[in-house]
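# Structural features, examined
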Amino acid sequence: MRPVRVTGVRIGRRRDAAVASSPTPPVSWTVEAPSDWRAQAAALRLDGGTEHRIGPDPVLRPWPFAPLTAGHGAEHRLEVRVQGEDGAWSEWSEPLRFSEAFLVGGWSAPLLRHPSPGGPAAPLFLRREVRLPSDVVGATLVTTAQGVHRVFVNGVEVDDHVLKPGWTSYRDRLAATVTDVTTLLTGGAAAVIAVEAAGGWFTERYGFGPNAARFYGDQAGVSVRLLLRHADGRSSEIDSSEWTVDPDPPLVASGLYAGEDWDARREKAGWMRVGFDDSAWLPAQLGAFPADVAVEVIDVEPVRRTAHVTPVSVQQDPHGDTAVVDFGQNLVGRLRLWIDAADGAAVTLRHAEILQDGALATRALRAATATDRFIGDGSGRREVEPAFAVHGFRYAEISGLSGPLAAGDVRAVVLGSDVRRTGWFTSSDPMLNRLHENVVWSLRGNLLSVPTDCPQRDERLGWTGDAQVFAPAAASLFDVDAFFGAWLDDLALEQRRSDGVVPTVVPDPLGAFSAVAAAGWGDAVTTVPALLAERYGDADLRRRLAPAMRDWVDACERLATTDGLWESGFQYGDWLDPTATRPDKAKTDAGLVAGAYRVRSARLAGQALRVAGDDVGAAEADRIAARATAAFQAAYLTPSGRLMSDAPTAYALVLAFHLAPPELRPALGIRLAFLLRAGGYRLATGFLGTPLVLDALLDSGQELAAERLLFQTVCPSWLYPVTMGATTVWERPDAVRPDGTLHPSGMVSLNHCAFGAVADVLHRRIGGLASSEPGYRRMRISLWIPSVLDHAEVVQETPLGRARVRWERGGDGIRVSAEVPPGARADVLLRDRPTFDVGAGRHEWLVQAPPRPPSDIGSGVDADLAALADAPGVCGLVSRILADHSPEISAEFEAYIRWVPGRSLRPELIAVSAPPELIERVDAALRGIADGRSSKRIP
């Protein structure tokens, strides 16, 4: 029997570093143990001292020791051991060595600014020479900024963070970065602290078109503290005077949307070293730090360089001074080049997500020029990488080159919040796997300090609606507890300004534009904390956010009319419904959407308030939920199980949010499937309906409709972008038309997470693994086995350890294997037996294979339309044949056809003037697949 071992000891929520960001950080650990082992207690020991015995739960346990006091510099060792039900204790874990990295007391340093900037958002280069006392034994550098910055000590960058300190609710708080720089300094010697800064998010212009304006401020500011520890135990701090500013730094201009300009001719050799003559530099302006802005060390992973991507092709123009580089992957980051630029020669880097007619398609960038420039000084070949730029791109145009560009001369540097990958999915279908990988890449790019909507155009905002729909997929793929927890703290701060209304973007630089109560957007305050509690067992975060949830529910209650409905004011509704002519004109009634979310948020707020100990508030939230449910059912639900807004998202919301009596759920599911089949199983849901529609179908017994919808390949569908070569998820499923042209709208992002919410369904339903109690303490193993798949597997690093489910078809049935981590249990739902319970360990079962869906398409174009639609791939096959023959006939057919029972395909083709030879071609194709038809997708 293998011994019990404690592994994965962790401080706080972030995964990238062992630091205590507060005096009382939570503690977590995992256990490796035999399958029959059960924990009954745990013991923790700090720095070899007295052990503290606590209960066995290993997830985000409250700090059991006296609060930490040093704040910085102090290092500790934390050990954990566990006791089994047999009374035996494990060995102590390997010590987790962590350091303190939080602030004690208020912020004392001023803001350093440019004394005479030449214009708005001027870059800021600062230096300060200091001589350290001889008895210094430790040094900690603490910095923050209104803008973005990087710091060097004696020419060495102090950390690997990018765009630090990130974007927070700048009007309320700034993040601080705490770095131990002891090894970079020598007691009794002189040293130089150097800072490069730009405006970043602080000075960016926000808004749309001519209304865009700077919101936070015009100029960047940096605040620096150097904290020293002396041999006798004293602490001291280097004062903030005597900083000087480069009057003409090599970073000429910098903007997140515009890009940046670097002029190597303005570089000052040795400026980061002791002895540099800065007599021509300007004294820094010392400004009082804003009294109403807190400085906090935030327990969250920073933005870093997370990968490097090499080109798949470099297309050089005949003259050799311009090259178009294809990285084969749409990504978020910037370029790193090795170039030789003559004195005064400008090398220009432009970025785009797609080419049109061989050139960068930049229309979709709107006002974001996404252009970096490097002006050479003739010093020879050198490495170039922008300091503070970030772009969304697959293609880059590099012009002004002195000669041909080789593939080895350029790399794409991928940037993003350094969250840890924790979930994987694979199946027998390469297209489904590519869809999943596209979601991974979109999340990697849009988890950048805040959960952005897109990374390329003049927006890149933390839209609350986007975040709440893709948060489940993010949690299936990455450990985002710290990331979303930090963002939710900013959400609560921004919400306080609006009497409980959650703004549509967080952080909120849009002012009145975002100060609207929008259902599905503001509900992020209830849904995301609930998700983090479910996936990570983060009950403390939910307790902390409970008052903000209550305030949102109360604000929505004030907006409801006397009949309990919410049908007034602006709503985004089911944004970007692909069947609608405008993004805000979805088929589903906006009042129905608002009413559904109102019920859901009130229910979630009631649960959170109860956990937080506010029983009075919980009872009021429950009352609101009950009243809103009754009003919703009276207004929108008929006794026969139809909805007054007869659109797929309406049914998906009602089914997913449990807004109908149980006896009406089958009828609602049947109608949802009917509507989707009538549309040829193409996506007919927008941002709010798409994450819910597959679950709604599966939970109401409509597996065939769910399968046809998921595996559809014609436009619009989840897999259509894959057929068009997409490597990330698109903002709209028809962002690129079948003829290769971009959608004419101004909103054509090729890297947007919302429709990627489907990845969570792949994990939970096809992979068959879901959390049913907080932190996967109890999980649910329940398989959806689409007929077109032969196998699938999901792996999830849960807070308790690795869980895995795999299934594969065989001659004797479906072979299922599962791995449950120590401390967890699972409810197993297999289609050929009653639900049963298993504990930790590895398990295998043989399951009766589900029957293949029946099909009746042997009559070709004379077969029933509903039967044709229910056959795999037939709708897409017909569409492709028509489009190949005549785009005009195809467009008319798609606008006209409804795949409903009681009518055959032949008269529908005649109605759109399809010539006899075309009808015969369709008929032959259908009859050709009828005999011995495989269940696999039709090409």
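As a reminder, the structure under discussion sits directly above these lines.
These lines cover the structure that appears in this document, whether it is placed above or below. Please read these numbers as outputs of a predicted model, since none were measured by experiment.

## Things to note about the overall build of the protein
Scanning the protein for helices and strands turns up 19 helices and 46 strands. Within the protein, the proportion of its 939 residues that are buried is 62%. When contacts within the protein are restricted to residue pairs at least 6 apart in sequence, long-range pairs at least 24 apart make up 72% of them. Total accessible area on the protein stands at roughly 33900 Å², and carbon and sulfur atoms take up 50% of it.

## A closer look at the packing of aromatic side chains
All chains considered together, the criterion is met by 30 aromatic pairs. Seen from their ring centres, Trp463 and Tyr572 are 5.9 Å apart, and the 85 degrees between their planes marks the pair as edge-to-face. With a gap of 109 residues between them, Trp463 in the loop between β38 (450-451) and α3 (464-477) and Tyr572 in the loop between α6 (539-559) and α7 (590-611) connect regions that are remote in the sequence. Note on Trp552 and Trp566: the rings are 6.4 Å apart at their centroids and 65 degrees apart in plane angle, and the pair reads as edge-to-face. Of this pair, Trp552 sits in helix α6 while Trp566 sits in the loop between α6 and α7, and the two are 14 residues apart along the sequence. Of the two residues, Trp552 and Trp566, both sit in the buried class. Each residue in the set Trp167, Tyr170, Trp201, Phe202, Tyr206, Phe215, Tyr216 and Tyr257 is aromatic and connected to the rest through ring pairs, giving one cluster.

## Points about the pattern of salt bridges
Going through the model one piece at a time under the given rule, you end up with 79 salt bridges. Ionic pairing is found between Glu819 and Arg804, a salt bridge with its closest N-O pair at 4.0 Å. Of the two residues, Glu819 is situated in strand β43 (residues 813-820) and Arg804 in strand β42 (residues 801-810); the sequence distance between them amounts to 15 residues. For Asp832, the salt bridge is made with Arg833, and the minimal N-O distance between the two is 2.9 Å. One salt-bridge network, held together by shared partners, links Glu534, Arg535, Asp695, Asp699, Asp760, Arg764 and Arg765.

## Some details on the sheet that holds strand β15 (residues 190-198)
One open sheet holds the six strands; their spatial order is β12-β11-β15-β9-β20-β23, and the pairing between them is antiparallel. Because the sheet does not close on itself, it has two edges, and the strands there are β12 (156-157) and β23 (282-283). In this structure, strand β20 (residues 244-245) lies alongside β23, joined through two bridges in antiparallel fashion. Residue Thr244 lies in a different strand from β23, and its bridge partner there is Pro283.

## Quick look at the environment of Gly928
Relative to the helices and strands, Gly928 is located in helix α19 (residues 916-930). Separated by 83 residues in the primary sequence, Gly928 and Trp845 have C-alpha atoms spaced 38 Å apart.

## Description of the side chain of Ser771
Its place among the elements puts Ser771 in strand β39 (residues 769-771). What makes Ser771 buried here is its relative accessible area of 11%. Within polar-contact distance, the side chain of Ser771 engages the backbone nitrogen of Tyr776 at 3.3 Å. Setting aside residues up to four positions removed in sequence, Ser771 forms contacts with Glu534, Tyr776, Arg778 and Met779.

## Re the packing of helix α9 (residues 648-656) against helix α10 (residues 665-678)
With their axes 9 Å apart at the nearest point, α9 and α10 run at an angle of 150 degrees to one another. Here α10 runs roughly antiparallel to α9, going by the angle between their axes. Where α9 crosses over α10, the two elements pack in a sense that is left-handed. Of α10, the residues touching α9 (which contributes Pro648, Tyr651, Ala652, Val654 and Leu655) are Arg665, Leu668, Gly669, Arg671, Leu672, Leu675 and Leu676. For the contact of α9 with α10, the per-class residue count stands at nine nonpolar, one polar and two charged.

## Digging into the pairing of strand β28 (residues 322-339)
Within β28, 16 of the 18 residues are buried, leaving the element largely enclosed by the surrounding structure. Counting the residues that bridge the hairpin from strand β27 (residues 313-316) to β28 gives five residues, and of these Gly320 lies at a positive phi of roughly 85 degrees. As paired elements, β28 and strand β34 (residues 391-399) share eight bridges and run antiparallel to each other. Bridge pairing links Leu331 to Phe393 in β34.

## Focus: the sheet that holds strand β36 (residues 423-427)
Strand order across the open sheet formed by five strands is β36-β41-β42-β43-β46, with antiparallel pairing between neighbours. Since the sheet does not close on itself, it has two edges, and those belong to β36 and β46 (841-847), each with one partner. Neighbour-to-neighbour, the strand axes of this sheet turn through a mean angle of 10 degrees, independent of strand direction. Pairing geometry for β42 and β43, over seven bridges, is antiparallel. Note that in β43 the partner of Trp807 across the bridge is Val816.

## Examining the nonpolar core
As a rule of thumb, soluble globular proteins bury nonpolar side chains together. Counting 246 residues, the largest nonpolar core has Phe327, Ile398, Phe484, Leu710, Ile766, Trp899 and Leu905 as the members making the most contacts within it. Of the residues forming this core, the biggest block, ten residues, is contributed by α7.

## A word on the side chain of Ser254
Tracing the sequence through the fold places Ser254 in strand β21 (residues 251-255). Relative accessible area serves as the criterion here: at 11%, Ser254 is assigned to the buried category. If we ignore the near neighbours within four places in the chain, the residues touching Ser254 are Ala121, Pro123, Ala198, Gly259, Glu260 and Phe388.

## Some points on helix α2 (residues 430-446)
End to end, α2 covers 24 Å across 17 residues, agreeing with the expected 24 Å (1.5 Å per residue, within 8%). For α2, the complete set of buried residues consists of Leu432, Leu435, His436, Asn438, Val439, Val440, Trp441, Ser442, Leu443, Gly445 and Asn446. The opening residue of α2, the one whose side-chain oxygen lies 2.8 Å from the backbone nitrogen of Met431, is Asp429.

## Comments concerning the pairing of β42
The two faces of the sheet receive side chains in turn, since in a regular strand these alternate between them. In this structure, strand β41 (residues 791-798) lies alongside β42, joined through eight bridges in antiparallel fashion. Counterpart to His791 in the pairing with β42 is Glu808. What sits between the antiparallel neighbours β41 and β42 is a turn of two residues. Between β42 and β43, which follow one another and run antiparallel, lie two residues.

## Description of helix α17 (residues 887-896)
Regarding α17, the residues found buried are Ile889, Ser890 and Phe893. End-on, the buried residues of α17 take up no more than an arc of 100 degrees, which puts them together on one face. Residues Pro887, Glu888 and Ala895 are exposed on α17 and point more than 90 degrees away from its buried face. Packed against the buried residues of α17 are α16 (874-885), α18 (905-911) and α19.

## What to know about the packing of α9 against helix α11 (residues 690-699)
In contact at an axis separation of 8 Å, α9 and α11 are set at 65 degrees when each is read in the N-to-C sense. Between α9 and α11, the angle falls in the class roughly perpendicular. Between α9 and α11 lies a crossing of left-handed hand. Of the residues in α11, those in contact with Ala652, Leu653, Leu655 and Ala656 of α9 are Leu692, Val693 and Ala696. Looking at the contact of α9 with α11 residue by residue, the classes come out as seven nonpolar, no polar and no charged.

## Considerations on unusual backbone geometry
Note the cis peptide between Lys164 and Pro165, where omega equals 10 degrees. You can see Pro165 is positioned in the loop between β12 and β13 (173-175). The omega torsion across Cys715 and Pro716 is -5 degrees, close enough to zero to call that bond cis. When you line up the elements, Pro716 lands in the loop between α12 (703-710) and α13 (720-723). Backbone geometry at Ala121 places phi at a positive 55 degrees, although glycine is not the residue there.

Reading the values: the criteria
Residues numbered from 1 in each chain as written. Predicted model: local features only at pLDDT ≥ 70, side-chain atom pairs only at ≥ 80, totals over all residues. Heavy atoms only, no water. Helix = DSSP H or I, 4+ residues; strand = E, 2+ residues; numbered from the N terminus. Buried < 20%, exposed > 50% of the residue type's maximum accessible area, 1.4 Å probe, protein only. Contact = heavy atoms within 4.5 Å. Areas by Shrake-Rupley, 256 points an atom, 1.4 Å probe, with all protein chains shown as cover. Phe/Tyr/Trp six-rings, centres within 6.5 Å; stacked < 30°, edge-to-face > 60°. Salt bridge = Lys/Arg side-chain N within 4 Å of Asp/Glu carboxyl O. Pairing = 2+ DSSP bridges. Polar contact = N/O pair within 3.5 Å; in protein donor to acceptor, adjacent residues only side chain to side chain. Axes fitted to C-alpha atoms, helices over the stretch in contact; angles between N-to-C directions. Parallel < 35°, antiparallel > 145°, perpendicular 65-115°, else oblique. Left-handed = near helix turned anticlockwise from the far one by under 90°. Nonpolar A, V, L, I, M, F, W, Y, C, P; charged D, E, K, R; others polar. Core = buried A, V, L, I, M, F, W, Y, C linked by side-chain atoms within 4.5 Å. Expected span 1.5 Å × (residues − 1). Arc of directions from axis to C-beta.

Treat this as a map of the structure, not an account of what it does.
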